[in-house]
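Notes for the structure review
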Amino acid sequence: MQDFGMSMLWFWTSYVIVTVIGILHTVFNIYVLHMKPMDGQSMGEGYEKTKPWHPLYNIVLFSVFGFLYMGGLQGPSMSEALVTGALWAGICIIFDVFGWVLVKHPWSLSFREFYVDYQPWITLIYIAIFLGPVIGYLLLPAN
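As a starting point, this report considers the structure included with it. (Residues numbered from 1 in each chain as written. Predicted model: local features only at pLDDT ≥ 70, side-chain atom pairs only at ≥ 80, totals over all residues. Heavy atoms only, no water.)

1. Section: the environment of G132
Inclusion rule: A helix here means a DSSP run of H or I that spans at least four residues, while a strand means a run of E at least two residues long, and both kinds are numbered starting from the N terminus. Two residues qualify as a contact provided that any one of their heavy atoms is within 4.5 Å of a heavy atom in the partner residue.
Along the chain, the position of G132 falls in helix α6 (residues 121-138). Sequence separation between G132 and G85 is 47 residues; the distance between their C-alpha atoms is 6.5 Å. Excluding residues within four positions of it along the chain, G132 makes contact with F62, S63 and G66.

2. Regarding a nonpolar patch on the surface
Here is the rule we go by: The patches described consist of residues with a relative accessible area above 30% and no salt bridge, like charges being joined within 9 Å and nonpolar side chains (Val, Leu, Ile, Met, Phe, Trp, Tyr) within 5 Å. Throughout, the Shrake-Rupley method with a 1.4 Å probe supplies accessible areas, and for residues the shown protein chains are the sole cover considered. We define a salt bridge as a side-chain nitrogen of Lys or Arg found within 4 Å of a carboxyl oxygen belonging to Asp or Glu.
A contiguous nonpolar patch, built from W53, L56, V60, V64, F67, L68 and L139 and spanning about 610 Å² of accessible area, is present on the exposed surface. Its location among the elements puts W53 in the loop between α2 (45-48) and α3 (54-71).

3. Concerning α6
Test applied: A helix is expected to span 1.5 Å for every residue after the first. Two axes define the bend at a residue: one fitted to the seven residues ending there, one fitted to the seven starting there, and the bend is the angle between them. Exposure categories follow from relative accessible area, calculated using a 1.4 Å probe and restricted to protein chains: below 20% of the type maximum is buried, above 50% is exposed, and the middle band is partly exposed.
Its 18 residues give α6 an end-to-end C-alpha distance of 24 Å, which sits within 8% of 26 Å, the value for a rise of 1.5 Å per residue. Considering bend angle alone, the principal kink of α6 is centred on L131 and spans about 40 degrees; proline P133 follows within four residues of it. Residues of α6 that are buried: I122, I125, Y126, A128, I129, G132, P133, V134, G136 and Y137. Its buried side turned inward, α6 meets α3, α4 (78-102) and α5 (111-117).

4. Side note on unusual backbone geometry
For the peptide bond that leads from Q119 to P120, omega is 0 degrees, which places it in the cis range. With respect to the helices, strands and loops of the structure, P120 is situated in the loop between α5 and α6. The backbone of H34 sits at a positive phi, close to 60 degrees, despite the residue not being glycine. Examined against the element boundaries, H34 turns out to sit in the loop between α1 (4-31) and α2. Since its relative accessible area comes to 66%, H34 is described here as exposed.

5. What to know about α4
For α4, spanning 25 residues, the distance from its first C-alpha to its last is 35 Å, which sits close to the expected 36 Å at 1.5 Å a residue. Along α4, the sharpest kink reaches roughly 30 degrees, centred on F95. If you check which residues of α4 are buried, you get E80, A81, T84, G85, W88, A89, I91, C92, D96 and V101. Buried residues along α4 sit in contact with α1, α3, α5 and α6.

6. Some points on the nonpolar core
For the record, the criterion: Only buried Ala, Val, Leu, Ile, Met, Phe, Trp, Tyr and Cys residues count toward a nonpolar core, and they belong to the same one when joined by side-chain atoms within 4.5 Å.
Ranked by internal contacts, the top residues of the largest apolar core, which has 30 residues, are F11, F62, M70, W88, F114, Y126 and I129. For this core, the secondary-structure elements that each account for two or more residues are α1, α3, α4 and α6. I129 has contacts with N58, F62, G85, W88, A89 and C92, leaving out every residue within four places of it along the chain.

7. Section: the packing of aromatic side chains
We count it as follows: Two aromatic rings from Phe, Tyr or Trp, using only the six-membered ring of Trp, form a pair when their centres are within 6.5 Å; if the ring planes differ by under 30 degrees the pair is stacked, by over 60 it is edge-to-face, and anything between is tilted.
A complete count under the given rule lists 12 aromatic pairs for this structure. Ring plane angle 55 degrees and centroid distance 5.7 Å describe the contact between F114 and Y118, whose orientation is recorded as tilted. The class for F114 is buried, based on a relative accessible area of 5%. By way of ring pairs, the aromatic residues F11, W12, Y15, F62, W88 and F95 are connected into one cluster.

8. So, the pattern of salt bridges
Under the definition given, this model contains two salt bridges. Two residues, D117 and R112, come together in a salt bridge whose shortest N-O distance is 3.8 Å.

Keep in mind that these numbers describe shape and distance, not what the molecule does.
Take a look at the structure:
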């Protein structure tokens, strides 16, 4: 990896923005579209209706930040993009276990809810994150 620090800056920036957009989308659904909020039984209709959009947020944003990362390198390459994508997806997979399952908060989920009930969306999200730097690389003018 050519520049681990910049890679992490772009990864975490994208991760935070994607998370904020998902939350704002849920809030919009609840308060503007008057969908049901979270209750003791589920995350609520407001959140459930956002799930198909999650992979889209991720592919767009991680590609933009992958482009910014790859474009800032002296010698961007497909192998660099693949390594970066694998690193970003791996960090996300590990961080999500802690951030959305193990650490309890109002939006935390059980293992089953996150890894089984959230299919196919969670798998598509991780694929999108992996592909972000690859798509970013392919969008560079020299390619």
